[in-house]
Amino acid sequence: MTPESMLVLTKGLTMAFGGMIPALAIGMIVSRAMESIGRNPESAGKIFVPMLLGAAFAEAIAIYSLVVVFTLK
Amino acid sequence: MVLPPLAAETIAHIGSFPITNAFVNSFIVAMILIVTAFFVRRNMKTRANQAPTGVQNFAEAVVEFLMKQAVQVTGDEAKARKFLPLAGTVFLFVLLNNWLGLFPGMGSIGFNHVVNGEAEFFPLLRSAGSDLNLTIAIAITSIVATNVFGVMSIGFFSHVGKFLNFKGFLHAWHEHGIGAKLVGFLVAIVELGVGLIEIVSELAKVLSLSLRLFGNVFAGEVLMAVMAGLFAYFLPLPFMALELIVGVVQATVFAMLVLVYATVSTQEAH
């Protein structure tokens, strides 16, 4: 296992593991939002912005792991 | 296919101060905002029976929209009015920077220079959010400002008392009975620890704000470079649309977080 191949492997695994749970989180956030819109279609405008905010927070964690991948050399 | 490097490239020097291409972008956006403000203030119609026209009309519409959103986040109109200059400026600055980075010519107009024996391409313009210096600067300014708002609102000792929390010891001392005193003492130690962790959480706020914006914009730049390198016609189009949306969403998230932190900072300690 040369250092270069370990580096490539680490980069790939970091992004793979770091993206799993944020993806799950975003899916749960948006699915709850869809449920509540389905139950009350008029609230779609009110629910959209908090949903987007929550999704941006969850996505930030995946972005942190992407930044770690960028800094590995 | 040349991916943009992590650090923004220095393209010129003023004395010994390096000018990076992201700095040029942020300077252009600052000039756009300042010139717009100048033209709004010139012959400004301020009396109640004069309808605003032209640039002033547009600027008033933008400010009213931001004020409405701010009142929704803070819940209190006086507080929203106090925090709007900071949060609104952060929103407009980050939004214009993100959108300016999508113009044709960003990242493609530049010069070749020999670095360490090989020719490297130095673009003259680059999206400002893709430079970590800019995002950390905005984040530090915003968090320092929220703490200053806290001190201005609830007083210096009350604000510092949120972080160095010795009030629990006072409560424990006034309890009756040795058992109650002991329990109160332990609770006070835990509260002191929580207050110290809050100091670390302020640093975490700076890091999370800056890294969120930097990661989104820089990943967008890399994505555009990869897509344009794959097939330069029509393929980058949906990704340009994605970058437009990401620009708006990240500006909104940054500004809303600044508002929320300022609101929490100016609340009385419970």
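Colleague: How would you sum up the overall build of chain B? Please name residues and give values.
Modeller: Counting secondary structure elements, chain B contains 8 helices and 4 strands. Reading chain B from its N terminus to its C terminus gives the helix and strand order β-β-α-α-α-β-β-α-α-α-α-α. Relative to the globule expectation of 18 Å for 270 residues, the C-alpha radius of gyration of chain B, 24 Å, shows a markedly less compact shape. Structurally, chain B occupies a C-alpha span of about 80 × 65 × 40 Å along its principal axes. Looking at chain B as a whole, 26% of its 270 residues qualify as buried.

Colleague: Before we move on, can you summarise the overall build of chain A with the specific residues and values?
Modeller: Helices and strands together make up the secondary structure of chain A, namely 2 helices and 0 strands. Against the globule reference of 11 Å for 73 residues, chain A gives a C-alpha radius of gyration of 17 Å, more extended than a compact globule. Its C-alpha atoms give chain A principal-axis dimensions of about 60 × 15 × 10 Å. Burial analysis of chain A (73 residues in total) assigns 5% to the buried set. A fraction of 74% describes how many contacts in chain A between residues 6 or more apart in sequence connect residues 24 or more apart.

Colleague: Outline helix 2 (residues 54–74) of chain B, listing residues and values.
Modeller: Residue pairs spaced three or four apart in an α-helix point in one direction, given the helix's 3.6 residues per turn. All names here are of chain B. Taking 1.5 Å per residue as the helical rise, helix 2 with its 21 residues ought to reach 30 Å, and the 31 Å between its terminal C-alpha atoms agrees with that figure. Along helix 2, the residues that are buried comprise Gln69, Ala70, Val73 and Thr74. Down the axis, helix 2 shows its buried residues gathered within 125° of arc, on one side only. Helix 2 presents Gly54, Ala61, Glu64, Phe65 and Lys68 as exposed residues on the side facing more than 90 degrees away from its buried surface. In the core, the buried residues of helix 2 are packed alongside helix 3 (77–100) and helix 8 (236–265). One or two steps after helix 2, the chain reaches Gly75, where phi turns positive at roughly 80°.

Colleague: An account of the pairing of strand 3 (residues 110–115) of chain B is needed here, citing residue identities and associated values.
Modeller: All names here are of chain B. Sparse coverage of strand 3 is indicated by the burial of 0 of its 6 residues. Inspection of the sheet shows strand 3 paired to strand 4 (residues 118–123) by 6 bridges, in the antiparallel sense. Following the sheet pairing, Asn112 is matched in strand 4 by Phe121. Taken together, strand 3 and the strand that follows it, strand 4, pair antiparallel across an intervening segment of 2 residues, in which Asn116 is found at a positive phi of about 55°.

Colleague: Explain the pairing of strand 1 (residues 10–14) of chain B to me, and be specific about the residues and the numbers.
Modeller: Residues and elements named next belong to chain B. Counting buried positions over the 5 residues of strand 1 gives 0, only a small fraction of the element. Pairing of strand 1 with strand 2 (residues 17–20), which is carried by 4 bridges, proceeds in the antiparallel orientation. The residue of strand 2 that forms the bridge with Ala12 is Ile19. Hairpin connection of strand 1 to strand 2: 2 residues between the antiparallel strands, including Gly15 at a positive phi of 65°.

Colleague: Tell me about the packing of helix 4 (residues 132–154) of chain B against helix 7 (residues 178–230) of chain B, and please be specific about residues and values.
Modeller: Residue and element names in this part refer to chain B. Interaxial distance between helix 4 and helix 7 falls to 8 Å at its minimum, and their mutual angle equals 140°. Of the two elements, helix 4 crosses helix 7, and the hand of that crossing is right-handed. Contacts from Leu132, Thr135, Ile136, Ala139, Ile140, Ser142 and Ile143 in helix 4 reach Glu202, Lys205, Val206, Leu209, Ser210, Leu213 and Phe214 in helix 7.

Colleague: Describe the interface of chain A and chain B, listing the residues and the values that go with them.
Modeller: Residue-level contacts link 9 residues of chain A with 10 residues of chain B. Classifying every residue of the side of chain A that touches chain B by side-chain character gives 9 nonpolar, no polar and no charged.

Colleague: Any chance you could break down the packing of helix 2 (residues 44–71) of chain A against helix 7 of chain B for me, citing the residues and the numbers?
Modeller: Put simply, helix 2 of chain A and helix 7 of chain B touch, their axes get as near as 9 Å, and they point 70° apart. In terms of their interaxial angle, helix 2 of chain A and helix 7 of chain B are classed as roughly perpendicular. On helix 7 of chain B, the residues touching Ala60, Ile63, Tyr64, Leu66 and Val67 of chain A of helix 2 of chain A are Ser208, Leu211, Arg212, Gly215, Asn216 and Ala219 of chain B. Taken together, the residues of the contact of helix 2 of chain A with helix 7 of chain B sort by class into 7 nonpolar, 3 polar and 1 charged.

Colleague: Please provide a residue-by-residue account of the environment of Leu53 of chain A, values included.
Modeller: Structurally, the position occupied by Leu53 of chain A is in helix 2. Classification of Leu53 of chain A as partly exposed rests on a count of 17 C-beta atoms within 10 Å. Discounting chain neighbours no more than four positions away, the residues touching Leu53 of chain A are Val253 and Met256 of chain B.

Colleague: How would you summarise unusual backbone geometry if you had to cite specific residues and measurements?
Modeller: All names here are of chain B. If you check the backbone angles, Asn116 has positive phi at about 55° while not being a glycine. One non-glycine residue, Phe234, lies in positive phi territory at about 70°. If you trace the backbone, Phe234 turns up in the loop between helix 7 and helix 8.

Colleague: I'd like a rundown of the confidence of the model for chain B, residues and numbers included.
Modeller: For chain B, the mean per-residue pLDDT works out to 90, and 99% of the residues sit at or above 70. For this predicted complex, the interface confidence score (ipTM) comes to 0.74, while the overall pTM stands at 0.88.

Colleague: I'd like to hear about the nonpolar core, residue by residue, with values.
Modeller: Residue and element names in this part refer to chain B. The biggest cluster of nonpolar side chains holds 37 residues, and the ones touching the most others in it are Ala87, Val90, Phe254, Ala255, Val258 and Leu259. Among the secondary structure elements, those contributing two or more residues to this core are helix 1 (21–41), helix 2, helix 3, helix 4, helix 7 and helix 8. For this core, the element with the most residues is helix 8, which contributes 10 residues. Ignoring sequence-local partners within four residues, the contact set of Ala255 consists of Ala87, Val90 and Phe91.

Parameters and conventions
Residues numbered from 1 in each chain as written. Chains lettered and ligands numbered in written order. Predicted model: local features only at pLDDT ≥ 70, side-chain atom pairs only at ≥ 80, totals over all residues. Helix = DSSP H or I, 4+ residues; strand = E, 2+ residues; numbered from the N terminus. Rg over C-alpha atoms; globule rule 2.2 N^0.38 Å. Buried ≥ 20, exposed ≤ 12 C-beta atoms within 10 Å, placed from the backbone. Contact = placed C-beta atoms within 7 Å. Expected span 1.5 Å × (residues − 1). Arc of directions from axis to C-beta. Pairing = 2+ DSSP bridges. Axes fitted to C-alpha atoms, helices over the stretch in contact; angles between N-to-C directions. Left-handed = near helix turned anticlockwise from the far one by under 90°. Nonpolar A, V, L, I, M, F, W, Y, C, P; charged D, E, K, R; others polar. Parallel < 35°, antiparallel > 145°, perpendicular 65-115°, else oblique. pLDDT = per-residue confidence, 0-100. Core = buried A, V, L, I, M, F, W, Y, C linked by C-beta atoms within 7 Å.

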